[in-house]
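# Results of the structural survey
Here is what each chain is made of, one letter per residue.
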Amino acid sequence: MTENFSTVVVCDTEYETSGGEFDLRPGDPPVPLCLVAYILDENLNHVRTIKLWREQLLAFKHPPFDVGPNTLFVAYSAQAELTIFEMLGWPFPKHVYDLHTAYLASSNVLLPYEPDVKRVKQRKRLSDACRAYDIEGWENIDKAQIAKDIGEGRWRDYGRTVVFDYCEEDVDKSAELLRRQIRGFNRFPRVDTDRVIFWSEYSAKAVARVQAQGIPIDMYIWDLIQEYRYAIIDALQRRFDPSYNDDELIFDAEGSFNYARFEAWLVRSGIPFWPRLNSGQLDLDSDAFRLMSVFPGVEGIHALRDTLGFIAKARLPIGRDGRNRPSLFPFGTASGRNAHAKSIFNTHAGMRSLIVFSTDKIGTYLDWRTQEVGIAAVESGDENLKRDYLTGDIYHAIAYRFGFTNDPDRMRWKATQVDMRGRMKILQLAVSYGQSVTSLARGINRHPVIASGIIQKHKRFYSPFWGWRAETIQQAMLKRRIETSHGWPLHISTSPNQRTLGNFKLQGGGAEMLRWATVQLCDAGIIPCMLIHDGILFEESDPEKIEHAREIMLKAGRDVCNGFEIGVDVDQRLIGGARYCDKRPMAQKMWDTIMSVLKAVGALPRSA
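Residues numbered from 1 in each chain as written. Predicted model: local features only at pLDDT ≥ 70, side-chain atom pairs only at ≥ 80, totals over all residues. Heavy atoms only, no water.

## Considering the pattern of salt bridges
Keep this limit in mind: Think of a salt bridge as a Lys or Arg side-chain nitrogen and an Asp or Glu carboxyl oxygen that are within 4 Å of each other. Helix and strand assignments come from DSSP, with helices taken as H or I runs of at least 4 residues and strands as E runs of at least 2, each series counted from the N terminus. Buried residues are those whose accessible area, probed at 1.4 Å on protein chains only, stays under 20% of the maximum for their type, while exposed residues exceed 50% and partly exposed ones sit between those limits.
A full pass over the atoms with the stated rule returns 39 salt bridges. The partner of Lys205 in a salt bridge is Glu201, and the shortest N-O contact between them spans 2.9 Å. Note that Lys205 and Glu201 are positioned in helix H7 (residues 193-213) at a spacing of 4 residues, about one turn of the helix. Taking the relative accessible area as the measure of exposure, Glu201 reaches 24% and is therefore partly exposed. Between Arg268 and Asp246 there is a salt bridge, and its shortest N-O distance comes to 3.1 Å. Of this pair, Arg268 sits in helix H10 (residues 259-268) while Asp246 sits in the loop between helix H9 (229-240) and H10, and the two are 22 residues apart along the sequence. In this structure Arg268 comes out as partly exposed when scored by relative accessible area, which is 44%. When salt bridges with common partners are traced through the structure, they connect Glu16, Glu21, Arg54 and Arg156 into a single cluster.

## Looking at the packing of aromatic side chains
Ring pairs (aromatic) are described by centroid distance and by the angle formed between their planes. As a reminder, the rule being used: Between rings of Phe, Tyr and Trp, where Trp is taken as its six-membered ring, a pair exists when centres lie within 6.5 Å; planes separated by under 30 degrees are stacked, by over 60 edge-to-face, and by other angles tilted.
Counted by the stated rule, this structure contains 29 aromatic pairs. Residues Phe257 and Phe262 carry aromatic rings whose centres are separated by 5.5 Å and whose planes lie at 50° to one another, so their mutual orientation is tilted. The partly exposed category is assigned to Phe257, whose relative accessible area is 23%. The exposure class assigned to Phe262 is buried, which follows from its relative accessible area of 0%.

## Brief notes about the sheet that holds strand E4 (residues 71-75)
Which entries qualify depends on this criterion: One bridge is not enough; two strands pair if DSSP finds at least two bridges between them. Axis angles are defined between N-to-C directions and span 0 to 180 degrees, where every axis is a line fitted to C-alpha atoms and, for a helix, only to the segment in contact. For this analysis, residues touch if any pair of their heavy atoms sits within 4.5 Å.
An order of E3-E2-E1-E4-E5 is seen for the 5 strands of this open sheet, with the pairing classed as mixed. Because the sheet does not close on itself, it has two edges, and the strands there are strand E3 (46-53) and strand E5 (95-98). Here the strands of the sheet are splayed against their neighbours by 25° on average, with no regard to which way each runs. Sheet topology note: the strand E2 (residues 31-40)/E3 ladder contains 7 bridges and is antiparallel. Bridging across to E3, Val36 finds its partner in Lys51. Running at roughly 65° to strand E1 (residues 7-16), helix H5 (residues 143-151) makes contact with E1 and E2 of the sheet. Against the sheet, H7 makes contact with E4 and E5, and its axis sits at roughly 95° relative to E5, the strand it touches most.

## Observations regarding the nonpolar core
What counts, and what does not: Within this scheme, the nonpolar core is defined by two criteria: the residues are buried Ala, Val, Leu, Ile, Met, Phe, Trp, Tyr or Cys, and they are joined through side-chain atoms within 4.5 Å.
One finds Tyr97, Ile225, Phe262, Ile344, Leu354, Leu537 and Ile594 to be the most contacted residues of the largest nonpolar core, which totals 163 residues. Core analysis: the next-biggest nonpolar cluster, separate from the first, contains 22 residues, Ala75, Ile84, Trp90 and Ala204 among them.

## Details of the sheet that holds strand E10 (residues 481-483)
Pairing within the open sheet is mixed, and its 3 strands lie in the order E6-E11-E10. Whereas interior strands pair on both sides, the edge strands pair on one side only; in this sheet they are strand E6 (109-110) and E10. Summarising the sheet, E10 and strand E11 (residues 489-492) pair through 3 bridges and their orientation is antiparallel. From the neighbouring strand, Arg481 faces E11, where its bridge partner is His491. Packed on one face of the sheet, helix H20 (residues 463-479) meets E10 and E11 and runs near 130° to E10. Contacts between helix H21 (residues 498-523) and the sheet are confined to E6, E10 and E11, with E10 contributing the most and set at about 25° to the helix.

## Some remarks on the side chain of Asp28
Looking at the secondary structure, you find Asp28 in the loop between E1 and E2. Overall, Asp28 belongs to the buried group, its relative accessible area being 9%. Those residues in contact with Asp28 that lie beyond four places of it in its chain are Gly319, Arg320 and Arg325.

## A short note on the pairing of E5
Quick note on the threshold: Orienting the strands away from the viewer, one traces the path from the first strand over the helix to the second; a clockwise path indicates a right-handed crossover.
Bridge count between E4 and E5: 4 bridges; the pairing is parallel. Bridging across to E5, Ala75 finds its partner in Asp98. For the crossover that starts at E4, traverses helix H2 (residues 78-88) and ends in the parallel E5, the hand is right-handed.

## Quick notes on the environment of Val294
The topology assignment puts Val294 in the loop between helix H11 (286-292) and helix H12 (298-313). In this structure Val294 comes out as partly exposed when scored by relative accessible area, which is 23%. In sequence terms Val294 and Gly184 are 110 residues apart; their C-alpha atoms lie 50 Å from each other.

## Concerning H12
Which entries qualify depends on this criterion: Helix span, as expected, comes to 1.5 Å for every residue beyond the first. Values of bend correspond, residue by residue, to the angle between axes fitted over the seven residues ending at that residue and the seven starting there.
End to end, H12 covers 23 Å across 16 residues, agreeing with the expected 22 Å (1.5 Å per residue, within 8%). The sharpest bend along H12 reaches about 25° and sits at Leu304. Within H12, 12 of the 16 residues are buried, which leaves the element mostly enclosed by the surrounding structure. Among the residues making up H12, those that are buried are Val298, Gly300, Ile301, His302, Ala303, Leu304, Asp306, Thr307, Leu308, Gly309, Phe310 and Ile311. On its buried face, H12 is in contact with helix H8 (219-227), H9, H10, H11 and helix H23 (585-600). After H12 finishes, the residue Ala314 shows a positive phi value of roughly 50°.

## Overview of the packing of H12 against H23
Quick note on the threshold: Geometric relationships in this document are graded by angle, where less than 35 degrees denotes roughly parallel, more than 145 denotes roughly antiparallel, 65 to 115 denotes roughly perpendicular, and other angles denote oblique. Left-handed describes a crossing whose near helix is turned anticlockwise from the far helix by less than a right angle; the clockwise case is right-handed. Any residue outside Ala, Val, Leu, Ile, Met, Phe, Trp, Tyr, Cys, Pro, Asp, Glu, Lys and Arg is labelled polar, Gly included; the first ten of those are nonpolar and the last four are charged.
Running from N to C, H12 and H23 point in directions that differ by 45°, and their axes come no closer than 11 Å. Comparing their axes, H23 and H12 come out oblique. Note that H12 runs across H23; the crossing there is right-handed. Along the contact surface, H12 presents Glu299, Gly300, Ala303, Leu304, Thr307 and Ile311, while H23 presents Met586, Met590 and Ile594. The residue makeup of the contact of H12 with H23, split by class, is 6 nonpolar, 2 polar and 1 charged.

## Details of the state of the cysteines
Rules: Here, the term disulfide refers to a pair of cysteine sulfur atoms separated by no more than 2.5 Å.
Taken as a whole, this structure holds 0 disulfides when the rule is applied. Lacking any disulfide linkage, Cys11 is separated from the closest cysteine sulfur, that of Cys167, by 7.3 Å. Residue classification places Cys11 among the buried positions, given a relative accessible area of 1%. Cys581 forms no disulfide, and the closest cysteine sulfur to it belongs to Cys529, at a distance of 18 Å. By relative accessible area, which is 41% here, Cys581 ends up partly exposed.

## Focus: the pairing of E11
Burial of the side chains of E11 extends over both faces: Pro489 and His491 are buried on one face and Leu490 and Ile492 on the other. Joining the antiparallel neighbours E10 and E11 is a turn of 5 residues, in which Gly487 adopts a positive phi near 95°.

## With respect to the environment of Leu490
As for its position among the elements, Leu490 is in strand E11. Using a relative accessible area of 0% as the deciding quantity, one classes Leu490 as buried. Considered as a pair, Leu490 and Ser107 are 383 residues apart in the sequence and their alpha carbons are 8.5 Å apart. When neighbours within four sequence positions are excluded, Leu490 is seen to be in contact with Asn108, Val109, Leu110, Ala334, Arg480, Arg481, Ile482, Leu501 and Phe504.

In structure tokens:
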């Protein structure tokens, strides 16, 4: 691989993100402190070292090394380094190899399904990757502590020399990690370098640009929510917590969710089934809550779980410019999705009403229409599923086909049959989760005999899909590996959760679509504010750019789905300073409750 490049640059930067002489707050753009780079030849031999401190970095209008087509730029979690490039106004390297992305691909292993075992998620920092490749380092450095101190502006406690040495240690180990990745080492085969460079267009370049953009937040309302948070938390619990009058509350007065008490509440409430993770723990993902929302109280618990801790802990990183800048953590999940954290989109949809764009901007949220169903239709070659998807509303198609409605007008049905449409979503989720007949019957409000008949009809009518799903699981278990359409791998140990394997190509295909669209958007100069699995948030002043963004997303769908078009809908279009307002009833109830408290305590006028 490296023989294609005359120069390889292995780089690391240190920067401040909070405190320090610049009095930074979480969410502010980082301020660079130093840079260390090893310049290697095409055989990965060390040629020279570059070390630059802050004042030198700020004086450069261009990186201190070549970033053209003959150079490969290498870093671990390279979006961090490219964020510094962005802050300094430097052009990005033509070719980037993100060591972190390469390690995630090599170590993305689906462990055995062991319901009785509770696992701790493995960390995948540079030091963890180096240990996996038997690379020793940082013996005389408390890496975690010095990294924290530098980030919080306390680098003077160490001095410039120690900080440089620490930064160079990262570069030295990164260079050795690169050598072992491209040559193969022990249990790790040689990485597919072309794929890593392709993936890095997203995980390094595009992610750096998106993270720098940020989401505009109504700071006036956010500060009021913080000031009156205990009154708001109590009001939300009174309205939405089904355990509020029980002896064992699911949430405490601080809004903290108690896993054990929730599990006990499920038993007391007679809920017979709840999806579980590979670790055996209850699945607390949004899809699991949506699947089980037919049981009384579950939807409220979901809303509270995603809201109370968010309000009480106030860990949303918002810069002085009023922008929430979350970490996207590209390829952070097994399917290759982002594992974004500390975003307004990590909380309940009701809290998204904190998003307000300036009056001269158009805020737009575009999302792919029932993305995973479209991908399933293409992957399985199921012509019936394709036709039903192309009607524009798969949920209406299913309801009409299985006798839940006689209304052929999908738009009228969608507007008038909100509850029924929700039940069709549950039916579709049940297919993915392998839900029991009893639970499905409860979900669609039908007798178990009817629910069983619907599953059998689904299997007969969409038989190519069911056959493809079974074959996908079988082949994955035989080969001990499964890949998305664009090559993101999942390695399999023993006794995997078959539901994970059955859904992998659907979720992974969606992740591919998002990545490919984001790269093309950034290349077109349309930088998203946020990426949310099957949707993208934009802030533009030119409506033609929004239409161009939609065209790019449609094209990305066709590229991933072999020409089959995955629809793209305008979920939000906010003009003139309009507030983001999620359409779902629970989201509106949550926000209305918060506003009611602020009005009741006199923080807002009654007409606000």
